[in-house]
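Single-letter residue listing:
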Amino acid sequence: MNRYLLPLSALGTVVGGAVLLKDNVAGGVCPSKATIPGKTVIVTGANTGIGKQTAFELAKRGGNVILACRDMEKCEAAARAIRRETLNHHVNARHLDLASLKSIREFAAKISEEEERVDILVNNAAVMRCPHWTTEDGFEMQFGVNHLGHFLLTNLLLDKLKASAPSRIINLSSLAHIAGHIDFDDLNWQTRKYDPKAAYSQSKLAVVLFTKELSRRLQGSGVTVNALHPGVARTELGRHTGIHGSTFSSTTLGPIFWLLVKSPELAAQPSTYLAVAEELADVSGKYFDGLKQKAPAPKAEDEEVARRLWAESARLVGLEASHVSSVREQPLPR
């Protein structure tokens, strides 16, 4: 059996490398030169990686950018660096812990009170393939942060986004949504044996389904929402993955994948594009792979599942009926 392990490992490396190479080549720089002076932008998880670079790109284009992060020391440092590099002094750090419903509500209340408008919301923060951790409120960490946290945050900011219309919401998903399955009987992995890969895929499928349902509910409001796969990037997001789990992975495969994956600068281009491109002003409910609009997995197009997930998510986070009803219902097509 052992004689097959090396060839299989080599094959996996080649296939994985080919996927990453295709992903990298398919990327590129945001083609839009649009600027956003006077527009207020919120980017979650903006102290590092794709989020920080997205905040930098949007600050460079003149936006009033709010970095929403859990670690305030890193968040303040990122805000200072962006102000220094862009000469845009309208870049500020705010505390937001997406693993805490209390923190999300406090953040949204402060934004609603202190900001005149919110033009762009980039739901970027994520947890990937972590151990079986739970949030402050008892949700499985990946589902809680990647989906439920952003679900509540977005709903709490909808009135401000509507008042600022035309406005945009950008949800970062992943190609991993293809492998996802929404298990309504055990969304938080309380009875199943925990699988961090499957949990991550479920959370990212939930993001696409949320995007589809929210877009349907926001028709005619002037607020658009789209999901995207930014590409595989060299960021801290992958710190729990197996690439660091063994000497062979880190020393042999690590350098290969490090060369093929995207830089945070390149991986931030899709978020920037969806946030500013004038040609996307009326595009909503779509999925982008990098800079290209593509069809997501068929399971991400299931409107009945999307509607059921919305209702269950609202129940889990304690979203008041007034907030749910303020998002105008649209009938499902027959």
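Residue positions are given per chain, counted from 1 along the sequence in the order it is written. Local features in this predicted model are restricted to residues of pLDDT 70 or higher, and side-chain atom pairs are both shown and tallied only at a pLDDT of 80 or more, whereas totals for entire chains, interfaces and linings draw on every residue. The basis for the side-chain values is all heavy atoms of the structure; hydrogens and waters are excluded.

Taking an unreviewed UniProt entry as the reference, the chain is identified by name as NADP-retinol dehydrogenase belonging to Callithrix jacchus.

### Quick look at the nonpolar core
Put simply, a nonpolar core is a bunch of buried Ala, Val, Leu, Ile, Met, Phe, Trp, Tyr and Cys residues held in one set by side-chain atoms that sit within 4.5 Å of each other. Each residue is placed in one exposure class: buried if its accessible area under a 1.4 Å probe, protein chains only, is under 20% of its type's maximum, exposed if it is over 50%, and partly exposed if it falls in between. The biggest cluster of nonpolar side chains holds 54 residues, and the ones touching the most others in it are I42, I104, L157, L161, I169, I182 and L214. Every helix listed is a DSSP run of H or I at least four residues long, and every strand listed is a run of E at least two residues long, numbered separately from the N terminus. Every element with two or more residues in this core is listed here: β2 (64-69), α4 (101-114), α5 (141-163), α6 (196-217), β6 (223-229) and α10 (303-317). A per-element tally of this core places α5 first, with 11 residues. Grouped together as the second largest cluster of nonpolar side chains are 36 residues, F56, V122, A267 and V276 included.

### Some remarks on the packing of aromatic side chains
Ring pairs are drawn from Phe, Tyr and Trp, using the six-membered ring of Trp, whenever the two centres fall within 6.5 Å, and their geometry is named by plane angle: stacked under 30 degrees, edge-to-face over 60, tilted for the rest. For the structure shown, the criterion picks out four aromatic pairs. Relative to W310, the ring of F151 has its centre 5.0 Å away and its plane inclined at 75°; by these criteria the two rings are edge-to-face. Of this pair, F151 sits in helix α5 while W310 sits in helix α10, and the two are 159 residues apart along the sequence. Relative accessible area serves as the criterion here: at 0%, F151 is assigned to the buried category. Geometrically, the ring pair formed by W189 and Y194 is edge-to-face, given 5.6 Å between the ring centres and 85° between the ring planes. Overall, W189 belongs to the buried group, its relative accessible area being 5%. Following the ring pairs from residue to residue traces out a cluster consisting of F151, F210 and W310. Cation placement over rings: the criterion is NZ of Lys or CZ of Arg within 6 Å of the ring centroid and within 35° of the ring normal. When the ring centre of W189 is taken as origin, the NZ or CZ atom of R192, which lies over that ring, is 3.5 Å away.

### Overview of the pattern of salt bridges
Opposite charge on two side chains permits them to pair, given that their charged atoms come into close proximity. A side-chain nitrogen of Lys or Arg and a carboxyl oxygen of Asp or Glu constitute a salt bridge if their distance falls within 4 Å. Counted according to the given criterion, the structure contains 12 salt bridges. For R94, the salt bridge goes to E114, with nearest N and O atoms at 3.2 Å. Of this pair, R94 sits in strand β3 (residues 91-95) while E114 sits in helix α4, and the two are 20 residues apart along the sequence. Taking relative accessible area as the criterion, E114 reaches 43% and is therefore assigned partly exposed. One salt-bridge network, held together by shared partners, links R94, E114 and E115.

### Considerations on the confidence of the model for the chain
When pLDDT is averaged along the chain, the result is 88; 79% of the residues meet or exceed 70. Residue-level confidence of the predictor is what pLDDT reports, using numbers from 0 through 100. Should any heavy atoms of two residues lie within 4.5 Å, those residues are counted as being in contact. Note that pLDDT drops below 50 for residues 22-26; the model gives that stretch 10 contacts with residues more than four away or on any other chain. Counting interchain partners and residues more than four positions distant, the pLDDT-below-50 stretch residues 235-240 has 17 contacts.

### A word on the sheet that holds strand β1 (residues 40-44)
Hydrogen bonds along the backbone pair up the strands of a sheet, which may run parallel or antiparallel. Two strands qualify as a pair provided DSSP detects at least 2 bridges between them. Ordered in space as β3-β2-β1-β4-β5-β6-β7-β8, the eight strands form an open sheet in which the pairing is mixed. Here the strands that pair on one side only, and so sit at the sheet edges, are β3 and β8 (292-294). Between one strand and the next, the sheet's axes are offset by a mean angle of 25°, whatever the strand orientation. Two strands pair when backbone bridges link them, and β1 and β2 are joined in this way by five bridges, in the parallel orientation. Note on β2: the bridge partner recorded for I42 is I66. The axes are straight lines fitted to the C-alpha atoms, using for helices just the contacting stretch, and the angles between their N-to-C directions are given from 0 to 180°. Sitting on the sheet, α4 touches β1, β2 and β3, and the angle it makes with β3 is about 140°.

### Overview of the side chain of N146
Within the fold, N146 resides in helix α5. Counted as a polar contact is a pair of N or O atoms within 3.5 Å, where, for protein atoms, one must be capable of donating a hydrogen and the other of accepting one, and residues adjacent in sequence contribute only when both atoms are in side chains. Engagement of the side chain of N146 in a polar contact is seen with the backbone nitrogen of V127, the distance being 2.8 Å.

### Regarding the packing of α5 against α6
In contact at an axis separation of 7 Å, α5 and α6 are set at 20° when each is read in the N-to-C sense. Relative to α6, the element α5 is oriented roughly parallel. Packed against α5, whose contacting residues are Q142, F143, N146, H147, H150, F151, T154, N155 and L158, the element α6 presents P196, A199, Y200, Q202, S203, K204, A206, V207, F210 and L214 at the interface. A per-class count over the contact of α5 with α6 returns 10 nonpolar, eight polar and one charged. Comment on the angle field: the value is read as roughly parallel under 35 degrees, roughly antiparallel over 145, roughly perpendicular from 65 to 115, and oblique elsewhere. Gly falls in the polar group here, along with every residue not listed as nonpolar (Ala, Val, Leu, Ile, Met, Phe, Trp, Tyr, Cys, Pro) or charged (Asp, Glu, Lys, Arg).

### Description of the environment of A275
Of note, A275 is situated in helix α9 (residues 269-276). For the pair A275 and S32, spaced 243 residues apart in sequence, the C-alpha to C-alpha distance is 10.0 Å. Beyond its immediate stretch of four places on either side in the chain, A275 contacts L58, I120, R168 and I170.

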